[in-house]
Amino acid sequence: DVMKSLIPISAAAAIVASLTTTATLVVAAQDLPYPKPTVRFTPYYELDTTIRNIVEEKLGYIEATWNNFGIAPVEEKRWNSLTANERDGANMLGFAEGTWDCFINHYDDYSWEELVEKGVAENYEGLGWTRDHWEQSNAVVGVPYTEARWWGQLTDTD
């Protein structure tokens, strides 16, 4: 069984949560290193006006980039690369460095050494990634086979 609990992660998240129920975070502690930011996985049309204003004005999303993960320019940035305005918007949605880098940037802005330091390289290795894949130091390497699979196509080992 997956035990889930609802927890606010900051005062800003509590304020946003009082405005909309989509800002609550669901935690599956044994599966995820950080609380899953459910607001980011909420379709644009379900966001209330306050949340829409934050994602548009502070983070630069539009409906198309909100509904299609990984295409918004802000998602290419790790937490420490966000502008003050972007970080403010992310905080207002309940994000902090760990949740942003994990769920939004997916550590894409990290070097392999930083993945090792954060303790997440092993997760990427489980999906077939190596240092060469990550750093593209060998153009022949390409990407692991898991990159061509949807979540439901991954095996328990992946």
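See above for the structure.
Residues numbered from 1 in each chain as written. Predicted model: local features only at pLDDT ≥ 70, side-chain atom pairs only at ≥ 80, totals over all residues. Heavy atoms only, no water.

The phi dihedral of histidine 106 falls on the positive side, at around 55°, and the residue is not glycine. As for its placement among the helices and strands, histidine 106 is situated in the loop between α5 (97-104) and α6 (112-118). The phi dihedral of tyrosine 107 is positive, around 60°, even though this residue is not glycine. Here tyrosine 107 is to be found in the loop between α5 and α6. Judged by relative accessible area, tyrosine 107 falls into the buried class, the value being 4%. (Helix = DSSP H or I, 4+ residues; strand = E, 2+ residues; numbered from the N terminus. Buried < 20%, exposed > 50% of the residue type's maximum accessible area, 1.4 Å probe, protein only.)

Our focus in this paragraph is the side chain of arginine 78. With respect to the secondary-structure elements, arginine 78 resides in the loop between α3 (63-67) and α4 (84-92). Judged by relative accessible area, arginine 78 falls into the buried class, the value being 14%. For arginine 78, the residues in contact, after removing those within four places along its chain, are Trp100, Asp101, Asn105, Asp109, Tyr110 and Glu114. (Contact = heavy atoms within 4.5 Å.)

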